[in-house]
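Overview (structure and organization)
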Number of protein chains: 2
Amino acid sequence: MNFKFELIKEEKYTKARLGRLHTPHGVIETPIFMPVGTRATVKAMTPEEVKDLGAQIILSNTYHLYLRPGHDLVEEAGGLHKFMNWHGPILTDSGGFQVFSLGKLRKIKEEGVEFRSHIDGSKHFISPEKSIEIQNALGADIIMCFDECIPYPASYEYAKQSMERTTRWAKRCKEAHKKPDSQALFGIVQGGMYKDLRKKSAEDLIELDFPGYAIGGLSVGEPLEMMCEMLDFTTPLLPKDKPRYNMGVGTPDYLFESVIRGIDMADCVLPTRVARNGTLLTSQGRLVIRNAKYKRDFSKLDPECDCYACRNYSRAYVRHLFNVDEILGARLATIHNLYFLLKLMENIREAIKEDRLLEYRDEFYRKYGYI
Amino acid sequence: MNFKFELIKEEKYTKARLGRLHTPHGVIETPIFMPVGTRATVKAMTPEEVKDLGAQIILSNTYHLYLRPGHDLVEEAGGLHKFMNWHGPILTDSGGFQVFSLGKLRKIKEEGVEFRSHIDGSKHFISPEKSIEIQNALGADIIMCFDECIPYPASYEYAKQSMERTTRWAKRCKEAHKKPDSQALFGIVQGGMYKDLRKKSAEDLIELDFPGYAIGGLSVGEPLEMMCEMLDFTTPLLPKDKPRYNMGVGTPDYLFESVIRGIDMADCVLPTRVARNGTLLTSQGRLVIRNAKYKRDFSKLDPECDCYACRNYSRAYVRHLFNVDEILGARLATIHNLYFLLKLMENIREAIKEDRLLEYRDEFYRKYGYI
């Protein structure tokens, strides 16, 4: 197995850790933020640009690739890395989150989930085995167990039932996994906002001995404090020598608070999605570039940033691009937002190295306007 | 004046010429194709990418920039070069073509053209003086006289009247031009498909002694043969030591036939526009990448091309991108099409150097499927 996690250092004042994740397509310095390339492309970017911005690993979505262009086609192309021309590590999700988000279009059974495509209404069935089959065909370095991500709030009874099924599905995923030597399969701890369920979930999954663990079902609408409480409780239950992944987290505060609680990996569409709407993440907080007040603002997007967009273009120019709906606007905003978050994670790693993560967080929060 | 045209060589068997155009922002090897950056951006591209593809000069549109973001704003930003981060030569058109294309939304008078914005219906008036004022504010290296580009077909009477007005307007443009030392103002020969009118137009404009001449009103729907006939007749009327520009020409055949008849410059939105619809210009002719037959075609976009898109992605992947409406699809197709035309012009210059332009044309036409 080409997969290994090295725990390099634990911070003095928090549970934050520095690590090194070895994958078949390269080594990742953790903690890390993973840009999302839903449909085999990080929206608006080339793979070289994503790499140059500092991304070490990207995430792609099983559900979307299964529907279009189809996992069989991607396999025929030589796998996802070759198909999309990204030669670094890739993580694929299980498709569970998207399928469960379909609402009335899906039906959960013990065997798996029946659903209708959001594109053409065609009927599909994804079981744990099918999810792994698709992910084996795609060929990502890290793949995920098929789980149910329950909404917030959810009743104790439902959270329990669902968590137990997720555990049974995890077992089936492990058994169905055909390429354990080249793809690391991560388990996903569920249990909603109930500590005893989180504990049971973690214990059962640890017994299955996965090479890494995600904490699922967080950042689904609950207050930040509740996510923190669940992380405070859950991460200590997980093995120290394996990577921990908080799924779907991408705002600076959620990233800081996750890392502080021992999280090594996170992903989110937020920086790329809000970029395409013209919202920039800056050292001074969010900036909505379409606002009239930037019309004749010839200053940098973010005075403290040295990304390609900030070095070469003014707010007035980027506002003009958004105003007339030019693709370059989406590109520049995406470049900036990804750089912003990837740089933030680099600074966080630096701060952990020097045991000053809390100071760095407070300084960042003050400037950003969180406090 | 920082503007100079050197005639380097005339081809042995055609009227094709090799030249060197010196502008305040750099030297251009002619004949040249100019990519279009309508609204201060070559659609989907960064300026660095456009330069790396081989572009030596780009064109931008006065009408569009006048409406949004406004020429005064661009001037305040330090001019178009700085605003859009393109540091090579720029040519701006006069706004005439766009204004006259508005149809019922515009009204032509001797003084100028009254029109309503295609965006919000607001009323505007562009005179020759106003067009030059806008172009002076934008600050391009080459600017154009405000002219009327008449449609094809047009009556002799209308063509004559319009041509005479265009000449009167050219005189007014020259007088209004505030920056003759840093911006070269080109005259535009009109006269529709009538040789005596073309002759009169050329003679009158030559008398005004512009540093370069465009031939307007061609490639407006007339057959290729008719364009060739008009060029055959018109270019010999123009001074040899000044650049000649055929406006709005961008398919390989129109480019070849223009160059063969002594044209040094051309521009067109075609390569970038069809790219965004998924049409690729290839050595084997046009390729519509959305077609089902490319679904599992893992070969290069164009087997003979070595652009970034062709080197790194398959037809199946680019088809997938268009199929799911990803920005990267438009980017890759634009990169390929611009590279294709810019490379074609480079090959044309090479062929002129070696007096084998007709052979090269015939070889190209056979492969492309023109003959």
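So, a few notes on the structure that sits alongside this text. Note that the structure is predicted; figures quoted are calculated from it, not measured. (Residues numbered from 1 in each chain as written. Chains lettered and ligands numbered in written order. Predicted model: local features only at pLDDT ≥ 70, side-chain atom pairs only at ≥ 80, totals over all residues. Heavy atoms only, no water.)

**Points about the interface of chain B and chain A**
Taken together, the contact between chain B and chain A spans 38 residues of the former and 38 residues of the latter. Roughly 3,400 Å² of surface becomes buried between chain B and chain A when both sides are summed, with 55% attributable to carbon and sulfur atoms. Counting the contacts that link chain B with chain A gives 10 salt bridges. A salt bridge links Glu326(A) to Arg39(B); the shortest N-O distance between them is 3.1 Å. Taken together, the connections running from chain B to chain A amount to 22 residue pairs in polar contact (both at pLDDT 80 or more). Every element with two or more residues in the side of chain B that touches chain A is listed here: helix H1 (47-52), helix H3 (71-76), helix H4 (80-84), helix H12 (308-312), helix H13 (315-323) and helix H14 (327-353) of chain B. Examining the composition of the side of chain B that touches chain A, we find that 5 residues originate from one element, H13(B), more than from any other. (Contact = heavy atoms within 4.5 Å. Buried area = accessible area lost by both parts, 1.4 Å probe. Salt bridge = Lys/Arg side-chain N within 4 Å of Asp/Glu carboxyl O. Polar contact = N/O pair within 3.5 Å; in protein donor to acceptor, adjacent residues only side chain to side chain. Helix = DSSP H or I, 4+ residues; strand = E, 2+ residues; numbered from the N terminus.)

**Re the relation of the copies chain B and chain A**
Under the fitted operation, chain B is carried onto chain A by 0.0 Å of movement along the axis and a turn of 180°, and the coordinates agree to an RMSD of 0.0 Å. Overall, the copies show the geometry of a two-fold rotation axis. Minimal C-alpha distance to the rotation axis in chain B is attained by Ile327(B), lying at 3.8 Å. Most of the interface of chain B is mirrored in chain A, where 100% of its interface residues are also at the interface. (Least-squares fit on C-alpha atoms with pLDDT ≥ 70 in both.)

**A short note on empty space enclosed by the protein**
Here the idea is plain: a probe the size of a water molecule rolls over the atoms and shows the empty space left. Tallying each qualifying case throughout the model produces 3 cavities of 30 Å³ or more. Its volume calculated, the largest cavity comes out at about 50 Å³. Forming the walls of the largest cavity are Ala40(A), Thr41(A), Val42(A), Met45(A), Thr46(A), Pro47(A), Val50(A), Ile58(A), Met84(A), Trp86(A), Tyr317(B) and Leu328(B). Split into classes, the residues belonging to the lining of the largest cavity amount to 10 nonpolar, 2 polar and no charged. In this structure, the second largest cavity spans a volume of roughly 40 Å³. Lining the second largest cavity are Tyr317(A), Leu328(A), Thr41(B), Val42(B), Met45(B), Thr46(B), Pro47(B), Val50(B), Ile58(B) and Met84(B). Its residues assigned to classes, the lining of the second largest cavity comprises 8 nonpolar, 2 polar and no charged. (1 Å grid on protein atoms, 1.4 Å probe; cavity = no way out; pocket = protein on both sides within 12 Å on 5 of 7 lines; lining within 4 Å. Points joined across faces, edges and corners; volume = space filled by probe spheres on them. Nonpolar A, V, L, I, M, F, W, Y, C, P; charged D, E, K, R; others polar.)

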